[in-house]
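Here is what each chain is made of, one letter per residue.
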Amino acid sequence: YSSSSSEVRSQTILERLNAGEILIGDGGYITEMERRGYATAGLWTPEVNVEHPHAVEGLHHEFARAGSDILQAFTFYANDNLDRAQTGGRNEVNESACRIVKKVAAQYNCLWAGGLSTTIIYGHGGSKQDVQQYFREQAEIFVRHDSDFLIAEYFHICEEAEWAVEVLKETGKSVLASLCITSQSDYKGVPTDECAVRLVKAGADVIGVNCKFDPPESLKAVAKMKEGLEKAGLKAHLMFQPLGFHCPDADNKNGYLTLPEFPYALEPRQLTRWDVHKLTRSAYDLGVRYFGGCCGFKAYHIRAISEELEKERGTKAASSGKHKPFKSLFSSTLNHVERNEEYWLNLKPASGRLFCPSYTKPLNTKNQ
Ligand SMILES: N[C@@H](CCSCCCCC(=O)O)C(=O)O
Ligand SMILES: [Zn+2]
């Protein structure tokens with residue numbers, strides 16, 4: 001990999017984190033694209049980068065206006081998952097994703113990162129060499145487009161994430177690694193604190209979790225990772241990009257994927273922006289300094305992170321200009337009480353649905 005001009009850019013992500021900066025990543029892409037009619041549930045592939053680039057560009061804008069300091073190129077599952085979906089060439093999709101994110105990142109002075117995710121071939125017992133070849137193909141495109149750093153995300157098995165981190169580390173760029181695991185272990189039973197050590201030893205500079213499980217469980221997973229690093233005398237920054245849905249009733253292997261509501265009836269479980277305020281504060285107190293979200297995390301959730309940390313960050317998101325305390329014209333008292341943050345943080349929102357269960361039982365899966 002040739003050295004890239006990103007080194008000459010203003011501070012790198014590691015310099016900014018090492019200087020104590022709080023960084024905000026972006027939110028969920030693939031499941032949002034499904035809701036907007038640009039992706040197919042079950043395939044979850046990002047051909048929209050080629051088919052409707054404006055849709056991806058628009059979502060990047062939404063997150064940047066909501067406070068994201070970092071935008072991820074929409075390259076999730078732009079690997080052999082695309083072959084299975086038979087929806088366009090891998091290189092074409094990765095190339096387009098990088099062109100789109102660079103254009104928007106430049107407009108908002110955001111950093112941008114190419115991302116790797118779990119492959120089909122690994123799940124079918126593919127060799128390390130074959131799996132890493134898929135990762136290398138994508139990494140080469142990210143380097144050619146001069147990404148500011150690189151992310152390995154949404155890995156449920158630590159070993160595959162290590163293979164991805166090793167490939168990304170070859171580029172000389174900073175590497176962030178995010179697993180979709182519980183506070184107990186990865187999918188194969190590797191304890192979460194051990195996963196943290198293995199990711200850092202593989203070369204990850206920032207580690208954390210994204211997606212799949214109930215957000216408070218994901219925060220416990222980050223806490224466990226932190227414990228593991230401290231026990232091993234290792235250092236890495238912590239990242240936290242939780243699911244945007246409540247799912248304490250999900251199973252501890254496949255998380256929200258096994259819920260009866262997945263993927264077309266998750267709306268009642270949507271986090272409110274106020275849930276995100278509370279989660280963000282807890283994560284900040286734990287020592288997380290790279291925030292963001294995953295599936296179900298929309299621009300207004302990213303804005304909630306930005307607003308919760310406004311004092312600590314000293315910046316206000318562009319879209320916060322539209323976000324004012326709500327003055328109800330029909331409040332119960334005549335003095336039009338302002339529905340301020342305290343009101344919302346104390347509210348227990350109803351679902352509005354007759355017979356709405358609080359919990360459902362995960363569909364029986366063989367791995368339960
Ligand atoms: N940064 C990525 C992460 C996606 S995590 C996708 C989970 C899809 C559900 C499944 O695996 O079936 C994105 O937001 O698209
Ligand atoms: Zn996700």
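Residues numbered from 1 in each chain as written. Chains lettered and ligands numbered in written order. Predicted model: local features only at pLDDT ≥ 70, side-chain atom pairs only at ≥ 80, totals over all residues. Heavy atoms only, no water.

Enquirer: Which parts of the structure should I look at to understand the pairing of strand β4 (residues 149-155)?
Expert: On a regular strand, one side chain projects to one face of the sheet and the next to the other, so that they alternate. Counting buried positions along β4 yields 7 of 7 residues, so the element is predominantly enclosed. With 4 bridges joining them, strand β3 (residues 111-116) and β4 adopt parallel strand pairing. Counted as the bridge partner of A113 is F149 from β4. Relative to strand β5 (residues 175-179), β4 is paired through 4 bridges, and the arrangement is parallel. Paired with I151 across the bridge in β5 is L176. In this region the chain leaves β4, passes through helix α9 (residues 158-169) and returns to the parallel neighbour β5; the handedness of that crossover is right-handed. (Buried < 20%, exposed > 50% of the residue type's maximum accessible area, 1.4 Å probe, protein only. Helix = DSSP H or I, 4+ residues; strand = E, 2+ residues; numbered from the N terminus. Pairing = 2+ DSSP bridges. Right-handed = clockwise from strand over helix to strand, strands pointing away.)

Enquirer: Would you mind going over the coordination of the zinc ion (ligand 2) with me for this structure?
Expert: Note on metal geometry: ideal angles are 109.5 degrees for four donors arranged tetrahedrally and 90 or 180 degrees for six donors arranged octahedrally. Binding of the zinc ion (ligand 2) to the protein goes through C211 (SG), C294 (SG) and C295 (SG), at separations of 2.3 Å. Here the donor residues of the zinc ion (ligand 2) are spaced in sequence according to C-x82-C-C. Taking the relative accessible area as the measure of exposure, C294 reaches 12% and is therefore buried. (Donors = N, O, S within 2.8 Å, 3.2 Å for Na, K, Ca; no water.)

Enquirer: Teacher, can you tell me more about the sheet that holds β4 here?
Expert: Working definition: the strands of a sheet are paired by backbone hydrogen bonds and lie parallel or antiparallel to each other. The 8 strands lie next to each other as β1-β8-β7-β6-β5-β4-β3-β2, forming an open sheet whose pairing is parallel. Either end of the sheet is taken by a strand with one partner, and the two such strands are β1 (23-24) and β2 (70-72). Sheet topology places β1 next to strand β8 (residues 290-291); 2 bridges connect them, and they run parallel. Within β8, the residue paired with L23 across the bridge is Y290.

Enquirer: Would you mind showing me how to read the confidence of the model for the chain here?
Expert: A low pLDDT means the predicted coordinates there should not be read in detail. Per-residue confidence for the chain gives a mean pLDDT of 94, with 95% of residues at or over 70. This prediction of the complex comes with two scores: 0.95 for pTM and 0.98 for ipTM. (pLDDT = per-residue confidence, 0-100.)

Enquirer: Would you mind going over the site of ligand 1 with me for this structure?
Expert: Close to ligand 1 lie 15 residues; Y29, I30, W44, E153 and Y154 are nearest. One of the backbone N or O atoms of Y29 is found 2.7 Å from an oxygen atom in ligand 1. Looking at the shell around ligand 1 residue by residue, the classes come out as 11 nonpolar, 3 polar and 1 charged. (Near = heavy atom within 4 Å. Polar contact = N/O pair within 3.5 Å; in protein donor to acceptor, adjacent residues only side chain to side chain. Nonpolar A, V, L, I, M, F, W, Y, C, P; charged D, E, K, R; others polar.)

Enquirer: I'm lost on unusual backbone geometry in this one. Help?
Expert: Among all residues save glycine, negative phi is the norm, and among peptide bonds the norm is trans. The linkage connecting F262 with the following residue, P263, adopts the cis geometry, with an omega of -5 degrees. Looking at the element boundaries, P263 is found in the loop between β7 (237-241) and α12 (273-286). A positive phi angle, close to 55 degrees, is found at W44, a residue other than glycine. Within the secondary structure layout, W44 lies in the loop between α2 (30-35) and α3 (48-51). Among the residues examined, W44 registers a relative accessible area of 13% and is labelled buried. Positioned with a positive phi, C211 is a non-glycine residue whose angle comes to about 70 degrees. Checked against the element boundaries, C211 lands in the loop between β6 (206-210) and α11 (215-232). Accessibility expressed as a relative area gives 1% for C211, which makes it buried.

Enquirer: Would you explain the packing of aromatic side chains in this entry?
Expert: The geometry of an aromatic ring pair is captured by the separation of the ring centres together with the interplanar angle, meaning the angle of the planes. Across all of its chains, the model carries 11 aromatic pairs by this definition. Taken together, the aromatic side chains of W44, F245, Y256 and F262 make up a single cluster linked through ring pairs. For the cation-ring pair, K253 lies above Y187, with the distance from its terminal atom to the ring centre recorded as 4.4 Å. (Phe/Tyr/Trp six-rings, centres within 6.5 Å; stacked < 30°, edge-to-face > 60°. Lys NZ or Arg CZ within 6 Å of the ring centre and 35° of its normal.)

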